[in-house]
Amino acid sequence: MASENLTPNEYIKHHLQNLTFGQHPDGSWGLAHTAQEAREMGFWAIHLDTMFWSIALGVLFLWLFRKAAKRATSGRPSGLLNFVEWVVEFIDNNVRGSFSAKNNLVAPLALTLFVWVLLMNTMDLVPVDWIPGLASLLGIEYMKVVPTTDPNATFGMAFGVFFLVIFYSLKVKGPIGFLSELTMQPFEAKNPLLKVLFIPVNFFLEGISLVSKPVSLSLRLFGNLFAGEMIFILIALLFGGGLVLGIMGGVLQWAWAVFHILIILLQAFIFMVLTVVYLDMAHQEH
Amino acid sequence: MTLETALLYVAGAVLLGLAGVGVGVGVGVLGARFLEGIARQPELLGMLRTQFFIIMGLVDAIPIIGVAISLYILFAVVGG
């Protein structure tokens, strides 16, 4: 479709390029027109397409669930209301199953993360050329529609979770309790001298396990969706190869989309469950 | 084909192959234990399936990242 005069290599790279807004090396602000320019913008560049799609889907989620909540009755529910109730119940059961402390924030947070990540992942099922093709008609060069294939979005969410973990660790255990959890485990000793000797070792081990939480959380989501997107792009390349390859591409795209529904749901679910588990660990007192 | 391109192809193939081996062993062991668990206590099927999918997602994550990177190397970096 969009690959009339592009080599496969350029086509893939075009699809993996975000719409980047930032400061050019010469000091002016604006959009990047090539991948090279986007790279030169450095740290303070922002991916407009990721921001737009993630915020739009977040608003869609809030609007849909608010609409259902306002219409809630004690009578027989129908359609949308049924669906929303089912989702809320599903999240509620999961949070009750893996979160043992008392905190009113966790279940709404889990619901938000699950539905939001699910909606962002679902953008992957839209054929890869439709929205970028539409955007290029409107004069926008780059458009990456799946926010979760951008590590910036997944790291952003994971840092949010990490911040909450630190916050509740400090709140529930107190600074002393949190520090002693970081330094007095997993090696313990009665002897004061040995205790002091174990502090750096324990701090090293616990520090790694603390920092690896947000990193693995975000990279897992990003990696799965990036792989799915990559395979969709490779399948889309087949459409440029004549009738036989095109039909094969259509069949492959359908098959991969069906399999991908599992990954989409699973990754949203895992992101939600791990968030709840990490917050539960932050609430455990020793 | 220059040596550099050939090495990139080999790198992509090794990445893809090792990811396959790793996830094969991992999900194989997990699935076997899952089936053993259901055979022993069929009434726990629902709970075990949820846990199975969670762990499978965890096991699956690193190989799938490897697959994505290897496909990127094979098709975009080498320029097939």
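Heads up: these notes are all about the structure in this document. Here the residue numbering is sequential within each chain, running from 1 through the sequence in written order. Here the convention is simple: chains get letters from A, ligands get numbers from 1, in the order in which they are written. Only residues with pLDDT of at least 70 are given local features in this predicted model, and only at 80 or more are side-chain atom pairs given and counted; all residues enter the totals for whole chains, interfaces and linings.

### Overview of the environment of Val146 of chain A
All names here are of chain A.
No. 1: By the element assignment, Val146 lies in the loop between α6 (130–137) and α7 (151–183).
No. 2: For Val146 and Met51, which are 95 residues apart along the polypeptide, the C-alpha to C-alpha distance reads 10 Å.
No. 3: If sequence neighbours within four positions are ignored, Val146 has contacts with Met120, Met123, Asp124, Leu225 and Glu229. What counts as a helix is a DSSP run of H or I of at least four residues, what counts as a strand is a run of E of at least two, and both are numbered from the N terminus. Contact definition: two residues whose C-beta atoms, as placed from backbone geometry, lie within 7 Å.

### Some words on the nonpolar core
No. 1: A set of buried residues drawn from Ala, Val, Leu, Ile, Met, Phe, Trp, Tyr and Cys, joined through C-beta atoms within 7 Å, is what defines a nonpolar core. For every residue, the other C-beta atoms within 10 Å of its own C-beta are counted; 20 or more classify it as buried, 12 or fewer as exposed, and values in between as partly exposed. C-beta atoms are placed from the backbone. Ranked by internal contacts, the top residues of the largest apolar core, which has 59 residues, are Ala110, Phe114, Val117, Phe271 and Met272 of chain A together with Ala68 of chain B.
No. 2: Where this core is concerned, the elements lending two or more residues are α1 (8–15), α3 (48–70), α4 (79–98), α5 (106–122), α7, α8 (192–237) and α9 (242–283) of chain A together with α2 (45–77) of chain B.
No. 3: Other than its neighbours up to four places away in sequence, Ala68 of chain B contacts Gly223, Phe226, Ala227 and Met230 of chain A.

### Looking at the interface of chain A and chain B
Many descriptions give the size of an interface as the accessible area lost when the pieces come together.
No. 1: Tallying the contact residues gives 16 residues for chain A and 14 residues for chain B.
No. 2: Residue assignment for the side of chain A that touches chain B shows that the elements contributing at least two residues are α1, α8 and α9 of chain A.
No. 3: No other element matches the 8 residues that α8 of chain A contributes to the side of chain A that touches chain B.
No. 4: Residue polarity follows a fixed list, in which Ala, Val, Leu, Ile, Met, Phe, Trp, Tyr, Cys and Pro are nonpolar, Asp, Glu, Lys and Arg are charged, and the others, Gly among them, are polar. Along the lines of polarity and charge, the residues of the side of chain A that touches chain B split into 10 nonpolar, 4 polar and 2 charged.

### Considerations on the packing of α5 of chain A against α9 of chain A
Residues and elements named next belong to chain A.
No. 1: Where α5 meets α9, the axes come as close as 9 Å, and the angle between the chain directions of the two elements is 155°. Taken together, α5 and α9 sit at an angle that is classed as roughly antiparallel. Remark: the crossing between α5 and α9 carries right-handed chirality. In this structure, α5 uses Val106, Leu109, Ala110, Leu113, Phe114, Val117, Leu118, Asn121 and Thr122 to contact α9, whose residues at the interface are Ile264, Leu265, Gln267, Ala268, Phe269, Phe271, Met272, Thr275, Val276 and Leu279.
No. 2: Each residue belonging to the contact of α5 with α9 can be placed in one class, and the counts come to 15 nonpolar, 4 polar and no charged. Note on method: axes are straight lines fitted to C-alpha atoms, helices fitted across the in-contact stretch only, with angles between N-to-C directions ranging 0 to 180 degrees. For classification purposes, an angle smaller than 35 degrees is called roughly parallel, one larger than 145 roughly antiparallel, one from 65 to 115 roughly perpendicular, and anything else oblique. Handedness of each helix crossing follows the sense of rotation of the near helix against the far helix: counterclockwise by less than a right angle gives left-handed, clockwise gives right-handed.

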